[in-house]
Amino acid sequence: MGAAVRRRRRSLDLTLADVAERSGLSSPFLSQIENDRARPSMRSLQRIADALDTTAVRLLAASDETRTVDVVRAGDDSGLRDGARVRPVVRGRHQVHGLEFTGEHDADREFLHRNDELLYVADGAVEVEAEGRVHRLGRGDTLLMSGGVRHRWRTVGPGARVLVVAVADHVEVLES
């Protein structure tokens with residue numbers, strides 16, 4: 001919980017004293033929360049959330065995001081799907097979602113994601129239909145699609161290996 005409160009406070013450029021004044025809670029208590037030496041009651045959490053212009057639910061959700069280091073080895077398999085090997089390259093619930101596709105992939109399914117997506121061709125070639133245009137990509141090419149772009153893709157020829165990385169749907173991207 002503490003890291004989520006600290007990140008939100010810092011993102012608003014507030015001091016502990018500012019949050020204490022806004023919430024009616026003491027600076028030492030807020031410091032203990034941020035350093036995970038105290039857990040706020042639901043009432044205190046709501047007061048902190050109000051002071052940080054957010055909700056208790058968002059603070060709780062943000063506190064579930066722990067910092068991890070996770071290695072996904074090349075041999076880690078997730079099985080077969082329609083003749084194509086699909087392997088997650090990011091495990092768990094994070095801000096990005098990543099899959100590696102090896103083998104054939106047909107354009108039979110249209111995709112629409114809330115957030116941005118990057119498609120990188122490691123080997124072979126693919127065709128991506130996005131915004132009414134077909135883009136042919138070869139080894140080393142990338143295609144970035146903004147959130148909300150309807151698209152479909154397929155492999156062209158044998159030996160394709162494609163990495164798809166997307167900002168996870170649960171992440172709310174703020175407009176600048």
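Residues numbered from 1 in each chain as written. Predicted model: local features only at pLDDT ≥ 70, side-chain atom pairs only at ≥ 80, totals over all residues. Heavy atoms only, no water.

Engineer: When you look at the packing of aromatic side chains in this model, what are you seeing that I'm missing?
Structural biologist: The way to describe two aromatic rings as a pair is by their centre distance and the angle between their planes. A complete count under the given rule lists one aromatic pair for this structure. Look at Phe101 and Trp153: their rings are 5.1 Å apart centre to centre, the planes differ by 80 degrees, and that puts the pair in the edge-to-face class. Remark: Trp153 occurs in strand β8 (residues 151–155) and Phe101 occurs in strand β3 (residues 96–103); sequence separation between them is 52 residues. According to the relative accessible area criterion, Trp153 is buried, its value standing at 3%. (Phe/Tyr/Trp six-rings, centres within 6.5 Å; stacked < 30°, edge-to-face > 60°. Helix = DSSP H or I, 4+ residues; strand = E, 2+ residues; numbered from the N terminus. Buried < 20%, exposed > 50% of the residue type's maximum accessible area, 1.4 Å probe, protein only.)

Engineer: What is the right way to read the pattern of salt bridges from this model?
Structural biologist: Going through the model one piece at a time under the given rule, you end up with 10 salt bridges. For Arg139, the salt bridge is made with Asp123, and the minimal N-O distance between the two is 3.4 Å. In this pair, Arg139 sits in the loop between β6 (133–137) and β7 (142–145) while Asp123 sits in strand β4 (residues 117–123), placing the two residues 16 residues apart along the sequence. Judged by relative accessible area, Arg139 falls into the exposed class, the value being 65%. For Glu127, the salt bridge is made with Arg154, and the minimal N-O distance between the two is 3.0 Å. Pair noted here: Glu127 is in strand β5 (residues 126–130) and Arg154 is in strand β8, with a separation of 27 residues, a long-range link. Through salt bridges that share partners, Glu100, Asp123, Arg139 and Arg161 make up one connected network. (Salt bridge = Lys/Arg side-chain N within 4 Å of Asp/Glu carboxyl O.)

Engineer: Honestly, the sheet that holds β6 in this entry has me stumped. Any pointers?
Structural biologist: Working definition: the strands of a sheet are paired by backbone hydrogen bonds and lie parallel or antiparallel to each other. Pairing is antiparallel across the open sheet formed by three strands, whose spatial order is β6-β5-β8. Bordering the open sheet on either side are β6 and β8, each of which pairs with just one other strand. Taking each pair of neighbouring strands and ignoring which way they run, the sheet shows an average axis angle of 20 degrees. As paired strands, β5 and β8 are joined by five bridges and run antiparallel to one another. Bridge pairing in β8 places Glu127 opposite Arg154. (Pairing = 2+ DSSP bridges. Axes fitted to C-alpha atoms, helices over the stretch in contact; angles between N-to-C directions.)

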